[in-house]
Amino acid sequence: MLDSATPETAAWLKKVVSDAFNDIMKINVSNGSLGPSRNAGIRAARGEFILTADGDDLISYNTISAFVALARNTKEKALLFPQFYIGFGDNDHIYKMFGTDILSSLAFIEYHPFVSRIFCRTDDLLSLPYSDARLSSGVAFEDWHHNMEAVARDFQLIVAKDIIVYYRGRPKSLLRNALAVSACVTAATDLFKPEVYLSKCARDYENYCLRLPSFPNAASIRKEFMDNAVCREVTLVASRIDPGISLATASVSHAFSSMEGDLRPGLCYYRMCQAVGQSQFDDILLVPGPVQSYNLQILSALKALDPQRRLLVIAGQSGGCAPSADQLPPNAVFIDLFAEGHDLSERQRQILTLRLIQSVAPSAVVHILNCPFANNFIMRFADLLSGTTLVYYRTGDAHYQLEEGWFVQGDAANFLSEIGWRLDMIVCDNSKVARSDIFIFDTLGSKYKTLSPMVTGSVDAAPCDRPLKHQLLWASSLEPQKRPELLTLIARLLAEQMPNLRINLYGSSPDGEFDPNKFADLSNLHYFGAFDGFDSLPYAENDAFLYTSAYDGIPSIILEAMRAGLTAFAPDVGGLSEIISPNSGYIIPNNCDNLLLAQAYVDAIKEFYGNKTDRIALRREAKRLVEHRNGAEAFQNGVARLFGLNAGFSAIQQ
């Protein structure tokens, strides 16, 4: 097979005449890819058996006779492989192969334990074509893919004793190019479909769980090779053809076997397959750990709009506790891949995620949250997810604090600059973040869609005309983003300027960084510890809700407070100014000077309690706005528009 051969190669081959073969065919193709060219050669072959070959390999002289003898004694469908590969040139080594009677099928997901040179019945090989793994496709290793497809289709992979291939390594070989250019994975294969994988790997999984597999060490492989009279003889003959082949070099070279690969990814994937069973999924959610309420709202709405939809949630990095069953839509499957594969690298977890999506959700909507695992996964494998719809969620940026103020972390910007063109939709919970992004990435403007969060919970709103209690509610986590230190400043100023006012504070420090004892000397601030959702708070005993976050999107607790009849005081960060208007609450200009910012809060609170403010009108408008814009019906209609679904299904369960 001459695939786009150079004139020099074609001219050389034209001169080649050998009486070692009964017939020679020279076929010219222009595939630019090994797989299609091999398929063309297989279709043209007229013999009982086929032996694949690369033009620059040398084989031991016993290869054909030994392969034919073994093939005729093998009744089942089989691919036959040489026992040894001897590498020379820029990479001296001895590689020993084992057949699938010994080798674990769990190995295939992590590495290729076999090689491209095979011997097979022609009829069997015609039923097992090679894939097109040209480098421009992003995939590689058509031989690895071919051998996995063989396992999936019940072929036996058998090693023929004493057959050797001598492989000269070259710095600019096709293999080196594949490693440099591709994503270093094969195309999707039937082997990784859960029902197939569970069937083919059941024995190997059970054996691994019973005891760790053993494999020969380098010294024993070298000794086996050097003590084998047949291997010595055929290698000496080969060295007369290419002096680069040397028994002396082989006796001290690196030696390894197909048994040495890492089986842990295969074990983890087996458990993932057990979790999903034979289900196919319409939605995949990639998350860092805990699932954000905004994304759960969207996925619940999708389920309500289309009850047949199935959701698979994959958490690929450390990030806290998993979502409980009642947080996810009905029949959703959650895989904590970081916990299942805690001993795997991020690259290995990414590959397992790719294989599962290819197998159980090839045309799904992939929902991507901004986290290292999801971002890195999409940047690496977006080209291999061509059948899916990629939806990225932008709910605001994390910030870091310096003496000069708070500054945006650039994770999302880096991601969008690299892979934004490949995304199908970018969903924001507020238009401010969308406008900011589009200013930087103007070519992505058409991909941006805005959907305000849905207000959740089941609170009964306090009467809008209730008398003042002279109490303010603050409820959030005691972490730097929520600025509890700003709250202490506000409390001190209020103690001086409004001594009859009390702040009721609820929250806990998730990482223990903030010590609540810092509130102890504030007589007007009462700390009650952690709380379990807004519904658990005594909101009716308070007049208003204080919020002091340094950065945000649209926090759900603000929506819940407004619907409960509390007037919100919040900084002008993220999308807060889009849900709090002058007629429904107070937006505080975000001053970098903490003391000035705290005084601005106090001034707004004074206005609220003063005669100029119509508190009843503020409460009514806040409640009306949230119910109209962030209620279940409005949210479901918004999700239906985003994803092109019929909004006539049952309402979202709150």
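Residues numbered from 1 in each chain as written. Predicted model: local features only at pLDDT ≥ 70, side-chain atom pairs only at ≥ 80, totals over all residues. Heavy atoms only, no water.

Visitor: Is there a simple way to explain the packing of helix α19 (residues 556-563) against helix α22 (residues 615-630) in this structure?
Guide: Packed helix pairs are characterised by how far apart their axes lie and by the angle those axes make with each other. Closest axis-to-axis distance for the α19/α22 pair is 7 Å, and the angle between their directions is 125°. Comparing their axes, α22 and α19 come out oblique. Helix-helix and strand crossings are classified by hand; for α19 and α22 the assignment is left-handed. Taken together, the residues of α22 that come into contact with α19 (itself represented by Leu559, Met562 and Arg563) are Ala622, Lys623, Val626, Glu627 and Asn630. (Axes fitted to C-alpha atoms, helices over the stretch in contact; angles between N-to-C directions. Helix = DSSP H or I, 4+ residues; strand = E, 2+ residues; numbered from the N terminus. Parallel < 35°, antiparallel > 145°, perpendicular 65-115°, else oblique. Left-handed = near helix turned anticlockwise from the far one by under 90°. Contact = heavy atoms within 4.5 Å.)

Visitor: Explain the sheet that holds strand β13 (residues 365-368) to me, please; I cannot follow it from the model alone.
Guide: Two pairing modes exist for strands in a sheet, parallel and antiparallel, and in both the strands are linked by backbone hydrogen bonds. Here we have seven strands laid out as an open sheet, ordered β12-β11-β10-β13-β14-β17-β18, and parallel in their pairing. Strands with a single pairing partner mark the edges of an open sheet, and in this sheet they are β12 (333-336) and β18 (448-450). Neighbour-to-neighbour, the strand axes of the sheet open up by a mean angle of 20°, direction not taken into account. Where β13 lies against strand β14 (residues 389-394), four bridges are found, and the strand directions are parallel. Among the inter-strand pairings, Ile368 is bridged to a residue of β14, identified as Tyr392. Taken strand by strand, helix α11 (residues 264-276) contacts β11 (311-315) and β12, and its axis lies near 165° from that of β12. Against the sheet, helix α17 (residues 431-440) engages β14, β17 (425-428) and β18, with an angle of about 165° to β18. (Pairing = 2+ DSSP bridges.)

Visitor: What exactly am I supposed to notice about the nonpolar core here?
Guide: If you look at soluble globular proteins, the nonpolar side chains tend to sit buried side by side. Residues Leu79, Tyr197, Ile284, Leu312 and Ile378 are the most contacted members of the largest nonpolar core, which totals 93 residues. For this core, the leading source of residues is α11, giving seven residues. Counting residues in hydrophobic clusters, the runner-up holds 31 residues, among them Trp474, Phe519, Leu525 and Ala604. (Core = buried A, V, L, I, M, F, W, Y, C linked by side-chain atoms within 4.5 Å. Buried < 20%, exposed > 50% of the residue type's maximum accessible area, 1.4 Å probe, protein only.)

Visitor: Honestly, the environment of Arg264 in this entry has me stumped. Any pointers?
Guide: Mapped onto the elements, Arg264 comes out in helix α11. Sequence spacing of Arg264 and Leu106 is 158 residues, and the spatial spacing of their C-alpha atoms is 8.2 Å. Not counting residues up to four positions away in its chain, the partners in contact with Arg264 are Tyr208, Asp343 and Leu344.

Visitor: Whenever I open this one, the packing of helix α7 (residues 194-210) against α11 confuses me. Can you help?
Guide: Contact geometry of α7 with α11 gives a least axis separation of 10 Å together with a crossing angle of 130°. The orientation of α7 with respect to α11, classified from their angle, is oblique. Every pair of crossing elements has a handedness; the one defined by α7 and α11 is left-handed. Every residue of α11 that contacts α7 at Pro194, Tyr197, Leu198, Cys201, Ala202, Tyr205 and Tyr208 is listed here: Arg264, Gly266, Leu267, Tyr269, Tyr270, Arg271, Cys273, Gln274 and Val276. Of the residues belonging to the contact of α7 with α11, the class tally is twelve nonpolar, two polar and two charged. (Nonpolar A, V, L, I, M, F, W, Y, C, P; charged D, E, K, R; others polar.)

Visitor: Is there a simple way to explain helix α14 (residues 346-360) in this structure?
Guide: Residue pairs three or four apart in sequence face the same way in an α-helix, which turns once every 3.6 residues. With 15 residues, α14 should cover 21 Å at 1.5 Å per step; its first-to-last C-alpha distance of 21 Å lies within 8% of that length. Buried residues dominate α14, accounting for 13 of its 15 residues. (Expected span 1.5 Å × (residues − 1).)

Visitor: Would you mind going over the pattern of salt bridges with me for this structure?
Guide: Pairing is possible between side chains that carry opposite charge, provided their charged atoms lie close to one another. On inspection of all chains with the given rule, the structure shows 26 salt bridges. One salt bridge connects Glu142 with Arg38, and the closest N-O pair in it is separated by 2.8 Å. Of this pair, Glu142 sits in helix α5 (residues 142-152) while Arg38 sits in helix α2 (residues 34-44), and the two are 104 residues apart along the sequence. Classification of Arg38 by relative accessible area gives buried; the value is 12%. Between Asp343 and Arg264 there is a salt bridge, and its shortest N-O distance comes to 3.7 Å. With a gap of 79 residues between them, Asp343 in the loop between α13 (337-340) and α14 and Arg264 in helix α11 connect regions that are remote in the sequence. (Salt bridge = Lys/Arg side-chain N within 4 Å of Asp/Glu carboxyl O.)

Visitor: Would you explain the sheet that holds strand β19 (residues 471-475) in this entry?
Guide: Taking strand neighbours across the sheet as the criterion, the six strands line up as β21-β20-β19-β22-β23-β24 in an open arrangement whose pairing is parallel. The open sheet terminates on both sides in strands that have one partner only, identified here as β21 (525-527) and β24 (585-588). Averaged over all neighbouring strand pairs, the angle between strand axes comes to 25°, with direction disregarded.

Visitor: Would you take a moment to explain the environment of Phe643 for this structure?
Guide: Among the structural elements, Phe643 can be located in helix α23 (residues 632-643). Distance in space between the C-alpha atoms of Phe643 and Val365 is 9.4 Å, their sequence separation being 278 residues. When sequence neighbours within four positions are dropped, the list of residues in contact with Phe643 reads Ile298, Leu302, Val365, His367, Val391, Tyr393 and Met425.

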